[in-house]
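So the chains spell out like this:
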Amino acid sequence: AVEYCVKLPRILISKIRKFIIDKLPIVAYAVVYEEFKYELMKFGVDNRYYLKGLIDSELPDKLVTKRDVITVEEKKNKSTYDAMKEILRAFDGEITLEELKEKMPGLKNHNYENYISMEEENGLIRMSPRTYIYYDKLNISKEDVYRLENIIDGLYDMLDSDVLTAKKIYTHLRIFEEELLKRLNITAKFADFELFSILQYIFRDKYYFNRPLISRVEEFETTAYAIIKEYTYKLDKFTYSDLKDYIARMNFASIANYTAF
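The rules behind these values
- Residues numbered from 1 in each chain as written.
- Predicted model: local features only at pLDDT ≥ 70, side-chain atom pairs only at ≥ 80, totals over all residues.
- Heavy atoms only, no water.
- Phe/Tyr/Trp six-rings, centres within 6.5 Å; stacked < 30°, edge-to-face > 60°.
- Helix = DSSP H or I, 4+ residues; strand = E, 2+ residues; numbered from the N terminus.
- Buried < 20%, exposed > 50% of the residue type's maximum accessible area, 1.4 Å probe, protein only.
- Lys NZ or Arg CZ within 6 Å of the ring centre and 35° of its normal.
- Pairing = 2+ DSSP bridges.
- Salt bridge = Lys/Arg side-chain N within 4 Å of Asp/Glu carboxyl O.
- Polar contact = N/O pair within 3.5 Å; in protein donor to acceptor, adjacent residues only side chain to side chain.
- Contact = heavy atoms within 4.5 Å.
- Axes fitted to C-alpha atoms, helices over the stretch in contact; angles between N-to-C directions.
- Parallel < 35°, antiparallel > 145°, perpendicular 65-115°, else oblique.
- Left-handed = near helix turned anticlockwise from the far one by under 90°.

Draft legend 1. Representation of the packing of aromatic side chains. The full count for this structure, using the stated rule, is 7 aromatic pairs. Between Tyr231 and Tyr246, the ring centres sit 3.7 Å apart and the planes meet at 0°, which makes this aromatic pair stacked. One end of the pair, Tyr231, is in helix α11 (residues 224-233); the other, Tyr246, is in helix α12 (residues 240-250), with 15 residues separating them in the sequence. You'll find Tyr231 and Tyr246 in the same group, each marked buried. These aromatic residues form a ring-pair network of at least three members: Tyr156, Phe203 and Tyr207. Across the ring face of Tyr134, the terminal group of Arg89 is positioned such that the distance to the ring centre comes to 3.7 Å. A cation over an aromatic ring shows up here: Arg204 above the ring of Tyr201, its NZ or CZ 4.1 Å from the ring centre.

Draft legend 2. Main features of unusual backbone geometry. Residues Leu24 and Pro25 are joined by a peptide bond in cis, for which omega reads 25°. Cis peptide bonds are those with omega within 30 degrees of zero, and the linkage from Arg211 to Pro212 qualifies with 5°. On the secondary structure map, Pro212 appears in the loop between β8 (208-210) and β9 (213-215). One non-glycine residue, Asp160, adopts positive backbone phi at about 50°. Within the secondary structure, Asp160 sits in the loop between α7 (142-159) and β7 (163-165). The class for Asp160 is exposed, based on a relative accessible area of 63%. One non-glycine residue, Asn251, lies in positive phi territory at about 60°. The exposure class assigned to Asn251 is buried, which follows from its relative accessible area of 19%.

Draft legend 3. Molecular detail of the pairing of strand β5 (residues 124-128). Among the 5 residues of β5, 5 are classified as buried, and the element is accordingly described as predominantly covered. Adjacent in sequence and paired antiparallel, β5 and strand β6 (residues 131-134) are bridged by 2 residues.

Draft legend 4. A look at the pattern of salt bridges. For the structure on display, the rule yields 19 salt bridges. Salt bridges sharing partners connect three or more residues here, namely Arg48, Arg67 and Asp68.

Draft legend 5. Up close: the sheet that holds strand β4 (residues 95-96). Strand order in the open sheet formed by 3 strands is β4-β6-β5, and the pairing between neighbours is antiparallel. Looking at the sheet topology across the chains shown, the edges are occupied by β4 and β5. Here β4 pairs with β6 via 2 bridges, running antiparallel. The residue bridging Thr96 from the neighbouring strand is Thr131, located in β6.

Draft legend 6. Quick look at the side chain of Asp144. With respect to the secondary-structure elements, Asp144 resides in helix α7. Taking relative accessible area as the criterion, Asp144 reaches 8% and is therefore assigned buried. Within the structure, Asp144 has its side chain in polar contact with the side chain of Arg183 (distance 2.8 Å). Apart from the residues lying within four places of it in its own chain, the contact partners of Asp144 are Leu180 and Arg183.

Draft legend 7. Fine view of the sheet that holds strand β2 (residues 63-65). Spatially, the 3 strands line up as an open sheet ordered β1-β3-β2, and their pairing is antiparallel. Two strands in the sheet have a free side with no partner beyond their single neighbour: β1 (26-28) and β2. The sheet shows a mean angle of 20° between the axes of neighbouring strands, taken without regard to direction. As judged from the 3 bridges shared by β1 and strand β3 (residues 69-72), these two strands associate in the antiparallel manner. When the bridges of β3 are listed, Ile26 appears paired with Thr71. The sheet strands contacting helix α2 (residues 29-41) are β1, β2 and β3, and the helix crosses β1 at an angle near 60°.

Draft legend 8. Local environment of the packing of α7 against helix α8 (residues 166-176). Running from N to C, α7 and α8 point in directions that differ by 115°, and their axes come no closer than 11 Å. In this view, α7 runs roughly perpendicular relative to α8, as classed from their interaxial angle. Where α7 crosses over α8, the handedness of that crossing is right-handed. Along the contact surface, α7 presents Leu148, Ile151, Ile152, Leu155 and Leu159, while α8 presents Lys168, Ile169, His172 and Leu173.

Structural data, given as structure tokens:
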């Protein structure tokens, strides 16, 4: 009941009101709570839902209060996800997970991951496990996309395989297509990880992806060991050298125990 709730000092209420108004047109209660957490905890307010119950009646009538966010009337259908998307889109280039948490603090780690995964459908690219950028900000030309497609299809044919690793494609680009690699904004630090993410978005309707593998058929083995084993089934016989050569050509890691294999 309201009569049993704490009474926040007017000066703190004014500070919270100003913070919310400055953050409009959309601000999440989680962000507000994180900003004032230590002051609020002095009064026993230990979560954003309690804060919502205390602050909603203190906000201007023109604002729309929902379960997780406060918005203006024009954006009354917006959600926390929409707020996250606006933050991500506001960055001109790369954004790190740490920067995202600074802009929108107070959420659980799985919430950030869920929102990021949802935005991948809209072109958000993972340039590293904790760094992201929208595809349209990479400025990759149609000519380079066409060139990439030809290279990938050529590698499938050359290796007589329906599956490639991102590392194999990256190695080919590094040796034979250095200028193209630069235009793709691929850095050496995350190399094939970045390349996989870019290819997954560009060719999402052409190939099938299971990091770090890229396949031209829908049903494919998802481990290097299984792919190597599948390759040997096609042969009448093979030697230790044949096996090592295939593994090298595919850019797979070596098999730990060839005798057991």
